[in-house]
Amino acid sequence: PKLNSKLFKAFKCEIIKICRCKLTYVAAGLEGVSGRAALRELSVSNSESFWAAVARHRLCWSTPFHTVQDCDLSRGKIKWFEGGKLNVSVNCLDRHVHTCPERVALIWERDERGSEMKYTYGELLEMTCRLGNLLRRHGVKRGDCVTIYMPTCPLAVASMLACARIGAAHNVVFAGFSADALAERIRDAQSSTVITVNQGVRGGKVTELKKTVDTAMQSCPTVKQVFVAMRTDNPVTMTARDIAMEEEMLKEDVVCEPAVMNSEDVLFLLYTSGSTGKPKGLVHTQAGYLLYAALTHRYVFSYHDGDVFGCVADIGWITGHSYVVYGPLANGATTVLFESTPIYPDPGRYWDMVERLKINQFYGAPTAIRLLLKYGDQWVNKYDRSTLKTLGSVGEPINTEAWEWYHRVVGDGRCPVVDTWWQTETGGICIAPRPSDPDAEIVPGMAMRPFFGINPVLMDTEGEVLTSNNTSGALCMAQPWPGMARTIHNNHQRFIDTYFQPYPGYFFTGDGAYRSEEGYYQITGRLDDVINVSGHRIGTAEIEDVVNQCPAVAESAVVGYTHSIKGQGVYAFVVLKKGIDVQEADLSRQLNGMVSEKIAKYASPDFIQFAKRLPKTRSGKIMRRVLRKVVESDLEGLGDLSTLDDPAAVQEIIQGHEKLLSKNRS
């Protein structure tokens, strides 16, 4: 009692930190289990005991659960921790505030370099409570769905947590989507409340987000109110339904009573592209999702208390949900909110940020790594990256050259690179090189090892399980795990048809995979990204990996197209590194020779189109769907291009394609 209160808080934080470091692997309740291999075996063979022990230890419950799981994959029925009651925002905020209120929760790396802002757990809780009270005062209640259309910023995180606090679901829509795409998602989610900002700022450019919302509102009659935060000082037109958010938040109390939620109540919807073109509103629920995000965050990245975790994903995607917001905050971490782009104001942006913020784990997309590789090592070596301990990649398979550059240059050859495989549907990382024994090998370009509780299988075209190694097949999961999506909003039949009907009794990921002689997994790409050339099946990612090994190539994208003789042909788009001066015909011959040598002659591209850039979403994913439409000359089917970083790239691709066809005809 005589201790100075600040000193006592700091002392208490240190004691807790030391105790947590002493924990072996995952959770109390698993005494006698030591080592990754034994724990992994237990997590699959005795899944209920494993997840029960982990859930009791890692989450804060107001009422304990009575049933660990009630799942039937043949019917798409997934329920975890029934009977349990908790609040996600309490697990992400209050319990850390009680021990270490001054610990930094968020570091907002604003678009303007060097203007980062820090928010403690105490400050984030206050922001969340004020916003939760404001939403309640304006009629938002438990079970409602609030659409959030905001860039990556502290108020966006507080908006997500405020929804969780009062029992409303949130539907975060990526702030690069068009008014039509936003309106479609608002209508499907049946939202009556939208939260946005006046303007977004990214890469030095201002985007008119409030205007986009205003346009969307014209076809969203269910929306009754729009809360508008101010990212810039520029005023915007406010209508009768618009509410100045920060101004109204100041009138609210700093204490907001958390709703007591059932484990299987909806936490959020997140829309992902469907093969039919209509977005799927995937549903994630409270306890299982939070537990899985927290557990994967801690053990895949070897996160320790006091580390600064830098995931550069946008909050509009599942990576932002799981590894910018929920996973890190559930673990009491300091998490970075990255608002900018990898090359603004120059290609050293990431590494300058690593130096300034002293980032320990860095998690980004292969496409950004390939982009930065193109600019050379000097932009990396200019900055001190000695704080880095783990590097991660997410979003698509990382090619060998990019992996090796990431490891050798960015990580100085001392940081493990975890190439993670997972999906919006899985809720969190399912296959990654870590956790593993400290000296266990990591193979470049392979996701490798299933996470605890994950039981992958490969299926052949007849629906039979492939039991041998050194084989390829459709990647499925043989048993459920807590983080998986529960349904598609308003369309459970589509959920069953998409994920459970193709291989009854299994969860079908839609991806193909190769299992090596050692039992490691390598993702070969979406099964709709598999090309069938004269009866030979080849993953586009496999061809891209070979093409990208050429020293002149920065990145590539391969798609299939209809071929009158072979069924499908191979069409490659290739972007060269800056400063490369080479005859395209000579390089085409070289690339074909490499593919022929590394894979097989049948895999060699029929066409190689050189391009200045590839069409990408603002989150950095190559839009292969668009490339396929161009190659098939189906320009009418290009669809909504508003999510592209620069739609002009598509026009360049179209012109290059026409030029290549014309050249071949002559």
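The name that an unreviewed UniProt entry assigns to the chain is Acetyl-coenzyme A synthetase, with the source organism given as Astatotilapia calliptera. In its Sequence similarities (unreviewed entry) section, UniProt records this for the chain: "Belongs to the ATP-dependent AMP-binding enzyme family."

What follows covers unusual backbone geometry. With glycine set apart, most residues show a phi of negative sign, and most peptide bonds adopt trans. Backbone torsion omega between Tyr 344 and Pro 345 reads -5°, so that peptide bond is classified as cis. Mapped onto the secondary structure, Pro 345 falls in the loop between β17 (334-338) and α12 (349-357). The peptide bond linking Arg 434 to Pro 435 adopts the cis configuration, its omega dihedral lying at 10°. Secondary-structure assignment places Pro 435 in the loop between β21 (431-432) and β22 (449-450). For Asp 412, which is not a glycine, the phi torsion comes out positive at approximately 55°. Unlike most non-glycine residues, Met 448 shows phi in positive territory, near 75°. Structurally, Met 448 can be placed in the loop between β21 and β22.

This brings us to helix α8 (residues 209-217). Every buried residue of α8 is accounted for by Leu 209, Lys 210, Thr 212, Val 213, Ala 216 and Met 217. Projected down its long axis, α8 carries its buried residues within an arc of 155°, all on one side.

Take the UniProt feature "domain: Acetyl-coenzyme A synthetase N-terminal" (unreviewed entry) in the chain next. The feature "domain: Acetyl-coenzyme A synthetase N-terminal" (unreviewed entry), as given by UniProt, occupies residues 38-92 in the numbering adopted here. Within the segment residues 38-92, helix and strand shares are 45% and 15% respectively, and the terminal C-alpha atoms sit 30 Å apart.

Time to look at the nonpolar core. Trp 51, Phe 81, Met 150, Met 245, Tyr 326 and Leu 329 are the most contacted members of the largest nonpolar core, which totals 131 residues. Look past the residues within four positions of Tyr 326 in its chain and what remains in contact with it is Val 88, Cys 92, Met 160, Leu 161, Ala 164, His 170, Leu 267, Phe 268, Tyr 289, Leu 290 and His 321. Counting 29 residues, the second largest nonpolar core, distinct from the first, contains Trp 351, Leu 372, Val 380 and Val 417.

This part takes up the packing of helix α4 (residues 88-97) against helix α11 (residues 318-330). The relative placement of two packed helices is expressed as an angle between their axes plus a distance between the axes. Where α4 contacts α11, the two axes come as close as 8 Å, and the packing angle between them is 55°. Accordingly, the angle class assigned to the pair α4 and α11 is oblique. Pair α4 / α11 crosses with left-handed handedness. Residues Val 88, Asn 91, Cys 92, Arg 95 and His 96 of α4 form the contact with α11, whose participating residues are Tyr 326, Leu 329 and Ala 330. Tallied by class, the residues present in the contact of α4 with α11 amount to 5 nonpolar, 2 polar and 1 charged.

Relative to the assigned elements, Val 146 resides in strand β6 (residues 145-149). For Val 146, a relative accessible area of 1% puts it in the buried group. In this structure the C-alpha to C-alpha distance between Val 146 and Glu 208, which are 62 residues apart in sequence, comes to 20 Å.

Before going further, it helps to examine the pairing of strand β33 (residues 607-611). Of all 5 residues that make up β33, 5 are buried, and the element is covered over most of its length. Residues of β33 alternate between two faces, with Phe 607, Gln 609 and Ala 611 on one and Ile 608 and Phe 610 on the opposite face, all of them buried. Bridge count between strand β32 (residues 567-576) and β33: 5 bridges; the pairing is parallel. Opposite Tyr 571, over in β33, you have Phe 607 as the bridge partner.

What counts as what
Residues numbered from 1 in each chain as written. Predicted model: local features only at pLDDT ≥ 70, side-chain atom pairs only at ≥ 80, totals over all residues. Heavy atoms only, no water. UniProt positions renumbered as here; feature names shortened; annotations may be inferred. Helix = DSSP H or I, 4+ residues; strand = E, 2+ residues; numbered from the N terminus. Buried < 20%, exposed > 50% of the residue type's maximum accessible area, 1.4 Å probe, protein only. Arc of directions from axis to C-beta. Core = buried A, V, L, I, M, F, W, Y, C linked by side-chain atoms within 4.5 Å. Contact = heavy atoms within 4.5 Å. Axes fitted to C-alpha atoms, helices over the stretch in contact; angles between N-to-C directions. Parallel < 35°, antiparallel > 145°, perpendicular 65-115°, else oblique. Left-handed = near helix turned anticlockwise from the far one by under 90°. Nonpolar A, V, L, I, M, F, W, Y, C, P; charged D, E, K, R; others polar. Pairing = 2+ DSSP bridges.

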